[in-house]
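# Inside the fold
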Amino acid sequence: MLMKRIIPCLDVHEGRVVKGVNFLNLRDAGDPVEVARVYDEAGADELVFLDITASHEGRDIMLDMVRRVAEQCFMPFTVGGGIRTIEDVTGLIQAGAEKVSINTAAVIDPDIVAQTARRFGRCATVVNIDPKRVPRDEFESRRRTLPGSDAAIAQTPDPSRAPGADYVFEVHTHGGRKPTGLDALEYARHVVALGAGEIILTSMDADGVKNGYDIEITGAVAEAVDVPVVASGGCGSPQHMREVFEQTRADAALAASIFHYGEYTIAQTKQYLIDAGLPIRQAV
């Protein structure tokens, strides 16, 4: 049985780790290199760095941070934010990132997913999807279709299309600020077909609220694709991780606030999940 992974997420803004609620009201949570070193020593399975307000001018700062993290940490880590071209991807991989997470760029130019997979392999190619429930009528007014989407819909039922459902999970970009007209399940299947080897699924409805992961959309996406899905957004306790692992096929659970502010340690979290009978690698 494959081990479930526990992944702290470090949202980076202007060189500092931050955390907000629903992608807003950011609070400082420390130096990213120091925070990464602490998590490495604590036994986290992986790390994710997301430069949530990345700009072209900030790219050199991010590359330097990636190099310093790679020098001090031995766990795998993923970096995303501000990736626009295959050259951006190459720079991050060369700086020491094991994987890159592509978000907005994958919507604007999906070929970057295919390019990344061809150059660095599917295992290095992660797509971060930020879905949000929107009224069905609103969504249909801006819906975009993707190649092969009709066939994909026929193969895997979408709970948001169930009779009477009045909402759709719509993909958002630019840090969750821009609706795209893309159905999250259709889009997840599409990027996997292009070469994505993993999906980080961050529910905008749940992000930062700490009431638990969005089981509905996480379960739907995990059933719809044949690559690992990382549940993200809403974790307020180890119990929430247990729920998403027991109720969906998610391969990993990502969290930020509960670790950054000392509410739970990696060791406490892992032991709770092990005691619950879940396949978790023991913390050091």
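These numbers come from a predicted model, not from an experiment. All residue numbers refer to positions counted from 1 along the written sequence of the respective chain. The model is predicted, so local features are restricted to residues of pLDDT at least 70 and side-chain atom pairs to those at 80 or more, both for listing and for counting; the totals for chains, interfaces and linings are taken over all residues. Calculation of side-chain values draws on the structure's entire complement of heavy atoms; hydrogens and water are dropped beforehand.

### Structural notes on the pairing of strand E4 (residues 47–51)
Think of it in three bands: with a 1.4 Å probe and only protein chains considered, a residue is buried below 20% of the maximum accessible area for its type, exposed above 50%, and partly exposed in between. Helical segments are the DSSP runs of H or I of at least four residues, strand segments are the runs of E of at least two, and each set is numbered from the N terminus. Extensive coverage of E4 is indicated by the burial of five of its five residues. Where burial is concerned, the two faces of E4 agree: the one with Leu-47, Phe-49 and Asp-51 and the one with Val-48 and Leu-50 are both buried. Two elements, strand E1 (residues 5–13) and E4, share four bridges in a ladder whose sense is parallel. Each bridged residue has a counterpart across the sheet, and for Asp-11 the counterpart in E4 is Leu-50. If DSSP finds at least two bridges between two strands, the strands pair.

### Topic: the environment of Ala-70
Structurally, Ala-70 can be placed in helix H2 (residues 59–72). Taking the C-alpha atoms as reference points, Ala-70 and Val-33, separated by 37 residues in sequence, lie 9.2 Å from one another. When sequence neighbours within four positions are dropped, the list of residues in contact with Ala-70 reads Phe-77, Ala-95 and Gly-96. In this description, contact between two residues means that some pair of their heavy atoms is separated by no more than 4.5 Å.

### Some words on the pattern of salt bridges
Only one rule defines a salt bridge in this text: a Lys or Arg side-chain nitrogen within 4 Å of an Asp or Glu carboxyl oxygen. All chains considered together, the criterion is met by 19 salt bridges. Among the salt bridges present, the one from Glu-34 reaches Arg-37, with a minimum N-O distance of 2.4 Å. In this pair, Glu-34 and Arg-37 are both assigned in helix H1 (residues 32–42), three residues apart and thus about one turn of the helix distant. Note that Glu-223 and Arg-249 form a salt bridge whose closest N and O atoms lie 3.4 Å from each other. Placement of Glu-223 in helix H9 (residues 215–224) and of Arg-249 in the loop between helix H10 (238–247) and strand E12 (252–255) is noted, with a sequence separation of 26 residues between them. Among the ionic contacts, a cluster of salt bridges with common partners joins Arg-5, Glu-46, Lys-99 and Glu-198.

### Describing H9
Along an α-helix, residues three or four apart share an orientation, since each turn contains 3.6 residues. The element H9 is extensively covered by neighbouring structure, given that seven of its ten residues are classed as buried. Within H9, the full set of buried residues consists of Ile-217, Thr-218, Gly-219, Ala-220, Val-221, Ala-222 and Ala-224. In this structure, the buried side of H9 is in contact with strand E7 (125–135), strand E8 (167–173), helix H8 (184–194), strand E10 (198–202), strand E11 (229–232) and H10. Capping of H9 at its N-terminal end is provided by Asp-214; its side-chain oxygen lies 3.3 Å from the backbone amide nitrogen of Glu-216. Polar contacts, as counted here, are pairs of nitrogen or oxygen atoms within 3.5 Å of one another; within protein the pair requires one atom able to donate a hydrogen and one able to accept it, and residues that are adjacent in sequence qualify only if both atoms are side-chain atoms.

### Regarding the environment of Asp-207
Relative to the helices and strands, Asp-207 is located in the loop between E10 and H9. Residue Asp-207 is classed as buried on the basis of its relative accessible area of 7%.

### Details of the packing of H8 against H9
Two elements in contact, H8 and H9, have axes whose closest approach is 10 Å; the angle formed by their N-to-C orientations is 35°. Along this stretch, H8 crosses H9, giving a crossing that reads as right-handed. Contacts between H8 and H9 involve Ala-184, Leu-185, Ala-188 and Arg-189 on the former and, on the latter, Ile-217, Ala-220, Val-221 and Ala-224. Looking at the contact of H8 with H9, its residues break down into seven nonpolar, no polar and one charged. Helix axes use the C-alpha atoms of the stretch in contact, all axes being lines fitted to C-alpha atoms, and the angles between their N-to-C directions lie in the range 0 to 180 degrees. Should the near helix be turned anticlockwise from the far one by less than a right angle, the crossing is left-handed, and should it be turned clockwise, the crossing is right-handed. Polar here means any residue outside two lists: the nonpolar Ala, Val, Leu, Ile, Met, Phe, Trp, Tyr, Cys and Pro, and the charged Asp, Glu, Lys and Arg; Gly therefore counts as polar.

### Details of the packing of aromatic side chains
Any two rings among Phe, Tyr and Trp, with Trp reduced to its six-membered ring, count as a pair given centres within 6.5 Å; such a pair is stacked if its planes are under 30 degrees apart, edge-to-face if over 60, and tilted if neither. Under the definition given, this model contains three aromatic pairs. Plain terms: the ring middles of Tyr-39 and Phe-259 are 6.2 Å apart, the flat faces sit at 70° to each other, and that makes the pair edge-to-face. Separated by 220 residues along the polypeptide, Tyr-39 in helix H1 and Phe-259 in helix H11 (residues 257–260) bring together distant segments of the chain. Ring geometry for Phe-49 versus Phe-77: centroids 5.8 Å apart, planes at 80°, classification edge-to-face. Linking Phe-49 in strand E4 with Phe-77 in strand E5 (residues 77–80), this pair joins segments that are 28 residues apart in sequence.

### A short note on H10
Where H10 is concerned, the buried positions are Pro-238, His-240, Met-241, Val-244 and Phe-245. Projected down its long axis, H10 carries its buried residues within an arc of 155°, all on one side. For H10, the elements touching its buried residues are E1, H9, E11, E12, H11 and helix H12 (266–275). In this description, one arc is meant: the one made by directions from the helix axis to the C-beta atoms.

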